[in-house]
Amino acid sequence: MEYSEKVMDHFMNPRNVGEIENASGVGQVGNMKCGDIMKVYLQIEDGKIVDAKFKTFGCGAAVATSSMATELVKGKTIQEALEVTNKAVMEALDGLPPVKVHCSCLAEEALHAALWDYAQKNNITIDGLKPPVNDVDELHHHE
Amino acid sequence: MKTKLYFDNAATTPVREEVLQEILPYFREHYGNASSVYAIAKESKKALEKARAQVAAAINAQPEEIYFTAGGSESDNTALRGVVEAYASKGNHIITTKIEHHAILHTAEYLEKHGAEVTYLNVDEYGKISLEELEKAIRPETVLISVMFANNEIGTIQPIKEIGEIARKHGVVFHTDAVQAVGHVPIDVEKMNIDLLSMSGHKLGAPKGIGALYIRKGIKVEPLIFGGAQEKKQRAGTENIPGIVGIGKAAELAVAEMEGTTAKLVALRDKLINGILETIPYSRLNGHPTDRLPGNCNISFSYIEGESLLLLLDALGIAASSGSACTSGSLDPSHVLMAIGLPHETAHGSLRLTMDRDNTEEEVDFILEKLPGIVQRLRDMSPVYEDAMKANK
Ligand SMILES: Cc1ncc(COP(=O)(O)O)c(C=O)c1O
Ligand code: FES
């Protein structure tokens, strides 16, 4: 198994590690398959994601996809952010080894969970957004 | 980045220079098939028998009790399948442990599918089996006890002599997977009542793809590989003479040097273990503190994941391994770490550093200097660490 240069770059120099105090939305998801946990913080102003941070307990791919996913959603509107799927994150990283695809699902789900939290807090509905699940693996059966 | 500090000697070792020199003539000069009659074949035959005697001497066996194989996995497969088949009229029950290498466990599972009954012994928090549990598990139809000499992940050494006594008392064949032990800890198949023993060349400075199975005279083992009459029809196939020469030489060297190597490695190992436990909070030693392989250090760091740790170590040129689910390919954490009772998250943050004769104190110092920062860097990224620290406040 080998990671692309982009994955290694985002693993060695992860962007957006940390927390946002009083964030507009916070999402934490876990993957029962290998036991990893990802937490995403979003700062949303006027319908735009102005800042994103993460913390991840997981493998190199999990860290790199968290880094890339937060990077991709910054500056985007909520609707645009929903298009940052695990596939988009993987493409931006020049791909992942097949056994690591599930780690990118974790990033997508953490983002969605943070958006869900934001919607709940503000009593709004976001088109196309489903409530977060506890175990990401229930959603993405081995791709 | 090039690996500068090799701390994964339990995975494999480089071929030793003295071993390589011994092997080289058997590729182009003495390339004869040992079964042939002409002059160059005699060189091969001679080398084969010399190596057999060297391997035998390393474990206090007779040369005619040594059968060369293509590695530890083949030796393990042969031992289990061969004994179960040969003793089918006595029974179909075998006893092994939960912490064996997959070469044993997957063979046992295969045998179960084909009608055998298998008892998997538990281990305690240090990875040791209970002799009482073993003795209780023996039934009239038990044909084989297979307990590994030393564990490849946590380094724990089993009470082999006591197991041998129990097996002998009950008239059950005793096999031990000694792939990690041969050349690293003293082995005497006579004193320890070992009937079958698996070993592998690449864990002791010989090439990969060569191994041996010791079979005590009088013990029946059906062959796994059929064909020519090599190895007294116990294992067909033209002999891998360069590999055989290599494992013979490597075993001889390892045993001759064992006292010195062990003293050096135990000192390095304990410095590494104690240094890590003292400087890195929320870390624990996996395996037995003293009954462990001289070069094995296995530590779990709470709140972080092993593959990330390995990648950061690799970036510093340090090669190591982990029992984390994320490194396993199957996404299951190490069965050995589960068997000693580690929670899933603790198995996740495990790090195995295994040393051999080439490792130095400077290397250990370098790791002790770098590791705390690396672990902290990952903890600072970890939501689990964050939660734990908040709960601690
Ligand atoms: C305990 C144990 N048994 C068996 C094996 C398999 O040996 P080999 O790689 O020579 O097939 C190994 C090493 O991988 C091992 O550590
Ligand atoms: S997080 Fe476990 S494999 Fe990626």
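All values derive from a computational prediction rather than experimental measurement.

Turning our eyes to something else, we now look at the overall build of chain B. Of regular secondary structure, chain B possesses 14 helices and 12 strands. Relative to the globule expectation of 21 Å for 393 residues, the C-alpha radius of gyration of chain B, 22 Å, shows essentially globular dimensions. By its C-alpha atoms, chain B is 75 × 50 × 35 Å across when sized along the principal axes. Residues counted as buried form 59% of the 393 residues belonging to chain B.

On to the overall build of chain A. The helix and strand tally for chain A stands at five helices and three strands. Computed over its C-alpha atoms, the radius of gyration of chain A comes to 14 Å, within 12% of the 15 Å expected for a compact globule of 143 residues. Across its three principal directions, the C-alpha atoms of chain A cover 45 × 30 × 25 Å. Here chain A has roughly 6500 Å² of accessible surface; of this, 47% comes from carbon and sulfur atoms. Between the averaged position of the 13 positive side-chain charges in chain A and that of its 22 negative side-chain charges there is a distance of 2 Å.

Our next topic: empty space enclosed by the protein. Residues and elements named next belong to chain B. Tallied over the full model, the rule gives three cavities of 30 Å³ or more. The calculated volume of the largest cavity comes to roughly 140 Å³. Lining of the largest cavity is provided by 14 residues; of these, Gln 180, His 184, Leu 293, Gly 295 and Met 355 occupy positions nearest its centre. The class makeup of the residues in the lining of the largest cavity is five nonpolar, seven polar and two charged. In this structure, the lining of the largest cavity is formed jointly by two domains, domain 1 (17-256) and domain 2 (258-392), each of which donates at least three residues. Considered as a void within the structure, the second largest cavity measures approximately 40 Å³ in volume. Residue composition of the lining of the second largest cavity, grouped by class: five nonpolar, three polar and one charged.

A contiguous nonpolar patch, built from Val15(B), Leu20(B), Leu24(B) and Phe27(B) and spanning about 340 Å² of accessible area, is present on the exposed surface. The residue Leu24(B) is located in the loop between α1 (17-23) and α2 (25-28) in this model.

Residue and element names in this part refer to chain B. In space, the three strands of this open sheet follow the order β9-β10-β12, with antiparallel pairing throughout. At either end of the open sheet lies a strand with only one pairing partner, and these are β9 (283-285) and β12 (350-354). Neighbour-to-neighbour, the strand axes of this sheet turn through a mean angle of 25°, independent of strand direction. Here β9 pairs with strand β10 (residues 296-301) via three bridges, running antiparallel. If you follow Arg 284 over to β10, its bridge partner there is Ser 300. Seen against the sheet, helix α9 (residues 258-279) touches β9, β10 and β12 and runs at an angle of roughly 10° to β10.

Residues and elements named next belong to chain B. Parsing chain B into structural domains produces domain 1 (17-256) and domain 2 (258-392). Taken over C-alpha atoms, the centre of domain 1 sits 30 Å from the centre of domain 2. Each partner contributes to the interface: domain 1 provides 30 residues, whereas domain 2 provides 22 residues. Taken over both partners, the interface formed by domain 1 and domain 2 buries close to 2000 Å², and the fraction arising from carbon and sulfur atoms is 58%. For the domain 1 face of the interface with domain 2, the top three residues by lost area are Glu 153, Ile 154 and His 184, together amounting to 33%. Across the contact surface, domain 1 and domain 2 share one salt bridge.

Between chain A and chain B, the contact holds 27 residues from the first and 24 residues from the second. Summed over both partners, the interface of chain A with chain B comes to about 2000 Å²; 63% of that surface belongs to carbon and sulfur atoms. Inspection of the chain A/chain B interface yields five salt bridges. The closest approach of N and O atoms between Glu386(B) and Lys55(A), which form a salt bridge, is 3.3 Å. For the interface between chain A and chain B, the tally reads 13 residue pairs in polar contact (both at pLDDT 80 or more). Counting residues per element, the ones that place at least two in the side of chain A that touches chain B are α1 (5-12), β2 (36-45), β3 (48-57) and α2 (60-73) of chain A.

One non-glycine residue, Asn123(A), lies in the positive phi region at around 55°. By the secondary structure assignment, Asn123(A) is in the segment after α5 (101-122). Even without being glycine, Lys232(B) reaches a positive phi, approximately 50°. Locating Lys232(B) in the fold gives a position in the loop between β8 (211-215) and α8 (241-256).

As a further point, take the site of ligand 1. Residue and element names in this part refer to chain B. Near ligand 1, the surroundings consist of 13 residues, among which Ser 73, Asp 177, Gln 180, Ser 200 and Lys 203 are the closest. In the environment of ligand 1, an oxygen atom lies 2.8 Å from a nitrogen or oxygen atom belonging to the backbone of Gly 72. A distance of 2.7 Å is found between a nitrogen atom of ligand 1 and a side-chain nitrogen or oxygen belonging to Asp 177. Contact with the protein chains covers 86% of the free accessible surface of ligand 1, which is 390 Å². Broken down by element, the shell around ligand 1 gets its largest block of residues, three residues, from helix α4 (residues 72-86). Each residue belonging to the shell around ligand 1 can be placed in one class, and the counts come to two nonpolar, eight polar and three charged.

Further remarks concern the pattern of salt bridges. Enumeration over the complete set of coordinates arrives at 35 salt bridges over all chains. A salt bridge links Arg269(B) to Asp270(B), with the shortest nitrogen-to-oxygen separation between them at 3.0 Å. Here the residues in one salt-bridge network are Glu19(A), Lys39(A), Lys55(A), Glu386(B), Asp387(B) and Lys390(B), joined through shared partners.

What follows deals with the layout of surface pockets. All names here are of chain B. Taken as a whole, the largest pocket spans an internal volume of roughly 820 Å³. Around the largest pocket sit 36 residues that line it, and Ser 321, Ser 322, Gly 323, Thr 327 and Ser 328 are the ones nearest its centre. Of all elements in the fold, only α10 (306-315), β11 (318-319), α11 (335-339) and β12 reach the threshold of two or more residues within the lining of the largest pocket. Here the lining of the largest pocket gets four residues from one element, more than from any other, and that element is α10. Of the domains in this structure, domain 1 (17-256) and domain 2 (258-392) are the two that each give at least three residues to the lining of the largest pocket. By volume, the second largest pocket is sized at about 350 Å³. What lines the second largest pocket is a set of 22 residues, among which Asn 9, Thr 13, Asp 356, Arg 357 and Asp 358 lie closest to the centre.

Analysis parameters
Residues numbered from 1 in each chain as written. Chains lettered and ligands numbered in written order. Predicted model: local features only at pLDDT ≥ 70, side-chain atom pairs only at ≥ 80, totals over all residues. Heavy atoms only, no water. Helix = DSSP H or I, 4+ residues; strand = E, 2+ residues; numbered from the N terminus. Rg over C-alpha atoms; globule rule 2.2 N^0.38 Å. Buried < 20%, exposed > 50% of the residue type's maximum accessible area, 1.4 Å probe, protein only. Areas by Shrake-Rupley, 256 points an atom, 1.4 Å probe, with all protein chains shown as cover. Lys, Arg positive; Asp, Glu negative; His and termini not counted. Charge placed at Lys NZ, Arg CZ, Asp CG, Glu CD. 1 Å grid on protein atoms, 1.4 Å probe; cavity = no way out; pocket = protein on both sides within 12 Å on 5 of 7 lines; lining within 4 Å. Points joined across faces, edges and corners; volume = space filled by probe spheres on them. Nonpolar A, V, L, I, M, F, W, Y, C, P; charged D, E, K, R; others polar. Domains from an automatic or database assignment. Patch = residues over 30% accessible without salt bridge, like charges linked within 9 Å, V, L, I, M, F, W, Y side chains within 5 Å. Salt bridge = Lys/Arg side-chain N within 4 Å of Asp/Glu carboxyl O. Pairing = 2+ DSSP bridges. Axes fitted to C-alpha atoms, helices over the stretch in contact; angles between N-to-C directions. Contact = heavy atoms within 4.5 Å. Buried area = accessible area lost by both parts, 1.4 Å probe. Polar contact = N/O pair within 3.5 Å; in protein donor to acceptor, adjacent residues only side chain to side chain. Near = heavy atom within 4 Å.

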